[in-house]
Amino acid sequence: MFKVTFAFENGSTVEAFANAGDNLLEVARGANVAIDAPCSGNGACGKCRVQLKGGELDSKKTLHISDEEYSAGWRLACMSKITADVEVLVPDIASAYKSRMKVADLSSKEEIAIFENAKHEVEAAGIELTNSLDVVEVHMEEPSLDDTMPDNERLTRALRKYMNLKRIRIPYSVLRKLPDVLRSSKFSVKCVIRTTPDDMFVYDIFDGKEDVIIGGLAVDIGTTTVSAVLINMETGEILAKSSSGNGQIRFGADVINRIIEAEKPGGKKKLQDAVIKETINPMIHEMCRSIHFSEQQIYRMCVASNTTMNHLFAGINADPLRMEPYIPAFFKTNSLFASDVGIEINPDAHIIMAPNIGSYVGGDITAGTLVSMIWNRPEFSLFIDLGTNGELVFGNSDFMMSCACSAGPAFEGGDISCGMRATDGAIEACTIDKETMEPTYKVVGDPGTKPVGLCGSGIIDVISELFMTGIINPKGKFVREGKRVRHDHYGMGSYVIAFEDEAGSVKDVEITEVDIDNFIRAKGAIFSAIRTMLNSLDFDVSMIDDVYVAGGIGSGINMANAVHIGMFPDIPLEKFHYIGNSSLTGAYLMLHSTPAEKKTYELASNMTYLELSTVPTYMDEFVGACFIPHTETSLFPSVLEEMQKR
Amino acid sequence: MPFNQKPQKFNAKINDVTIGSGDKTVTFGGDCTFPFYSFDAESENSPKIGVEISDMGLEGVSEGIKAYYEGATTMGEIAQKAAAMEGADFVALILEGGDPNGVNKSIDELIEVVKEVAAAVDCPLVVEGCKNVEKDAELLPKVAEALQGRNALILSEKEENYKAIGAAAGLAYNQIVGAESAVDINLAKQLNVVTTQLGVDAKKIVMNIGSAAAGYGYEYVVSTMDRIKGAALGQNDNMLQMPIITPVSAETWNVKEATASEKDMPEWGPQDERGIDMEVETAAADLAAGSDAVILRHPESVKTISKLIKALA
């Protein structure tokens, strides 16, 4: 047995024990040290770098570590075996930021506005903002020697007086508190109840003098990022908001790798724990602590996520999803409760889920479709969710069609050497001077925050600017030379956006040809999916009236740049609308409003699913779209014009 | 009702690209119809045939080919015999000995061969690299330099090395650039776009869109060529109007139908005939699908395809 010490840049350490020959990345995973390894430890991505501080490691040398870096102690964790006691530094580089949790500051009203706006829109469409949770005040006669009815019957009888319901259920969690609360409140209490036409469920009981807030939790589980809001179920007010990297990320960057990992013995439990115990529960605690709210007072939860994520969340075998004929265990289910999956809120809280449409179009899309309101308009709209899986919905109030394409994690900063989520330190916008090739950029966070990496919107800007200034060619290869353009000894080019001394991390913030290539494939997947879906309906892009873009790729996308790189069709920019994380907004609406929940089920069952892999021309479209802006330049007349102007 | 012929007219044509210098030149392309649709419009230049010789001499070639070159001992003599072959329009020298995974001849050694061949024949020349992208990136610019004034076709640049080869052949030494892609209309067009963005004249590019021996995934080749011609003529796509050259022999002489000996496969018949059959079948299909030139090895194949072109064009 050897001792392995993981040191962090903030000075804390984690110790673990390992046998000779154990893989360092596995040891880290076992010790809950999050080292980002999007490629699942195959030595392909070069993200799991650690720095050897003491002791020794048996590490294979790889292309990802230069000679200087190797002599400075940098190693890939996945390529390192334990041979002795060892101490390694887990660096604070972009990828490590990825998993850092963030409780949003709600003082900025922009965040709130998205939810408010969505609420008003569904209300205007005739959907009532009501749900079945309620607080009722109950006054009972105090028991005496003449009135010896037990506490639970007393409460039941009193409740029945308010609502004449046959069945009233009092769960163990309430029964346990019942005698104390009744007596301390002198039999004047408030109950949190859920009523349906024929029964009532008592979630909780409080002293009648207390102010009771019914908490609700809406969660968007993304493959890369998880975000959540804690709300007041009565008013719909957002009480707290939080986001965090999905703890499953260390088991692979995309859904397929996760499913494969879940198939291994004990894998389902591991992945479920990673998303619930390591990601969602800490977020719940963090949010509750920030507003001094009790977790027990969260009585309902709504999850919107892609099909794989909701299967893994529920601990259900997701294997059939990735194999023909791609059948999920459920599209919708209402049989999940917090205590079933270990979500640390009220154990009886019901977990509702945004319904899936297919194995690759999940609840995140149905929730997003609800928010986009395309179902309520006669004009043709296109809804695009930019995530690890890119999903599209096209249609209007008469029909809707959906499809999914595998875009990879690039929009959320994955598969990009300096990629990161849109949190502090992320470059979210950038311009480049054509003459000097010098960049100007904007960083997420307080003024003065140093750049650490690039988030999705930043990558779009950088690639668009590199292309429009002629620094890269349409294939994404560097064709101009300068101080900021470098080539490694394999000839791979890169552009430095922030040199080490201006950056807030241990290395330069740069974008390489491999990054650009990954991103071109991601944008190509999106654009070709748009074209293929429209072609299948005999439509073309000029017939789109509005485009709603969702996804946590930054505070906003520069739509002009997204068109320049050929990610979105070349239509007037005013047709594009960024609607933020619509999956979370949709989950929020479903949570707050039972009619909205029902509407979402209805939308899901009315949507046609187009499986792109069965469309013979998709591959052709895809290869054509893997070029900036497109092999068929006539599809992007405004980009050509703009280039000539520059 | 009498048959009323309606010619299919396109307002576009394939570029005509001429290789060779002096009075010995050949021109590829120039047509404004689908291949051999002479009923739609007169063909300007019928498809051309190149005879392939290798820097490895006669090593490994079939008996029939060996017999044709009997008596030729130097590369110069081999080239002369190739140029004299009945039906031949140009000579294609493939530098397969340069492959680092094979004989790995040095670049100087290969340039000597190129010079010897160039000195021996005055017909138009095509030089093919060793197919290794790194080696070709060094070798083919040297070839382009050595052949200055010959207006030769350099086969070929690929996406990975187009900058080195495209710039040397198309800009510095004024040769014709061969642009090779992997059987995909979009990839073919993308390479043409980036090559022209280097500054190479679109009219000095010949495409090799990739090939296969008939029966070896060949449907993709047909469909790609067909769609390239369709886009070039029907949509007037000037990034796909380059003529297409297809090196046939390098594919067909390496498949089992051509390499299995008669001893091993008596029921398949004589080996040489099988090789010719593969070459002729593939070349005929390439021409019918849209190739403006093919490269062959066996004198019998060259004769047969030449006859086919005369009969159809």
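Look up a bit, the structure's there.
Everything quoted here is computed from the prediction, not taken from an experiment.

**Focus on the overall build of chain B**
- The number of helices and strands found in chain B is eleven helices and ten strands.
- Counting only C-alpha atoms and orienting by the principal axes, one finds that chain B spans roughly 60 × 50 × 35 Å.
- Among the 313 residues that make up chain B, the fraction classed as buried is 52%.
- For chain B, long-range pairs separated by at least 24 residues make up 71% of all intrachain contacts whose partners lie at least 6 apart in sequence.

**Observations regarding the environment of S372(A)**
Residue and element names in this part refer to chain A.
- Looking at the secondary structure, you find S372 in helix α11 (residues 363-372).
- Residue class for S372 comes out buried when judged on the 29 C-beta atoms lying within 10 Å of it.
- Measuring from C-alpha to C-alpha, the distance between S372 and E263 comes to 35 Å, with 109 residues separating the pair along the chain.
- Those residues within four positions of S372 in sequence are excluded, and the remaining contacts are S381, F383, Y548, I579 and S582.

**With respect to the interface of chain A and chain B**
- Contact residues are listed per partner, giving eight residues for chain A and nine residues for chain B.
- Split into classes, the residues belonging to the side of chain A that touches chain B amount to three nonpolar, three polar and two charged.

**Focus on the sheet that holds strand β1 (residues 2-8) of chain A**
All names here are of chain A.
- Pairing in this open sheet of five strands is mixed, and the strands run β2-β1-β5-β3-β4 from one edge to the other. Edge positions in the sheet fall to β2 (13-18) and β4 (74-76), since each has one partner strand and no second. Recorded for the sheet is a direction-independent mean angle of 35° between the axes of neighbouring strands.
- Inspection of the sheet shows strand β3 (residues 49-59) paired to strand β5 (residues 80-90) by seven bridges, in the antiparallel sense. Paired with Q51 across the bridge in β5 is L89.

**Some points on the sheet that holds strand β25 (residues 509-512) of chain A**
All names here are of chain A.
- Spatially, three strands are ordered β23-β24-β25 in an open sheet, and the strand pairing comes out antiparallel. The open sheet terminates on both sides in strands that have one partner only, identified here as β23 (485-487) and β25. Mean inter-strand twist for the sheet, computed between neighbouring axes without regard to direction, equals 35°.
- Where strand β24 (residues 493-498) lies against β25, four bridges are found, and the strand directions are antiparallel. Paired with S494 across the bridge in β25 is T512.

**Structural notes on the pairing of strand β16 (residues 350-353) of chain A**
Residue and element names in this part refer to chain A.
- Bridge count for strand β14 (residues 298-305) against β16 is four bridges, and the pairing is parallel. Paired with V303 across the bridge in β16 is M353.
- Bridging between strand β15 (residues 336-337) and β16 involves two bridges; their strand directions are antiparallel. In the strand pairing of β16, F337 is matched with H350.

**Brief notes about unusual backbone geometry**
- In the segment running from E324(A) into P325(A), the intervening peptide bond is cis, with an omega of 0°.
- Turning to its location among the elements, P325(A) is positioned in the loop between α9 (307-313) and β15.
- With omega at -10°, the peptide bond leading from I628(A) into P629(A) counts as cis.
- Residue placement: P629(A) occurs in the loop between α17 (618-625) and α18 (637-645).
- One non-glycine residue, D538(A), lies in the positive phi region at around 60°.
- According to the C-beta neighbour criterion, D538(A) is exposed, with 7 such atoms within 10 Å.
- Although it is not a glycine, N236(B) adopts a positive phi angle of roughly 50°.
- Mapped onto the fold, N236(B) is located in the loop between α7 (218-234) and β9 (245-247).

**Some words on the packing of helix α3 (residues 107-120) of chain B against helix α4 (residues 133-146) of chain B**
All names here are of chain B.
- For the pair α3 and α4, the least separation of the axes is 10 Å and the interaxial angle reads 35°. Seen along the crossing, α3 lies across α4 with a hand that is right-handed. In this structure, α3 contributes I107, L110, I111, V114 and K115 to the contact, and α4 contributes E138, L139, K142, V143 and A146.
- Across the contact of α3 with α4, the residue classes tally to seven nonpolar, no polar and three charged.

Conventions and cut-offs
- Residues numbered from 1 in each chain as written.
- Chains lettered and ligands numbered in written order.
- Predicted model: local features only at pLDDT ≥ 70, side-chain atom pairs only at ≥ 80, totals over all residues.
- Helix = DSSP H or I, 4+ residues; strand = E, 2+ residues; numbered from the N terminus.
- Buried ≥ 20, exposed ≤ 12 C-beta atoms within 10 Å, placed from the backbone.
- Contact = placed C-beta atoms within 7 Å.
- Nonpolar A, V, L, I, M, F, W, Y, C, P; charged D, E, K, R; others polar.
- Pairing = 2+ DSSP bridges.
- Axes fitted to C-alpha atoms, helices over the stretch in contact; angles between N-to-C directions.
- Left-handed = near helix turned anticlockwise from the far one by under 90°.

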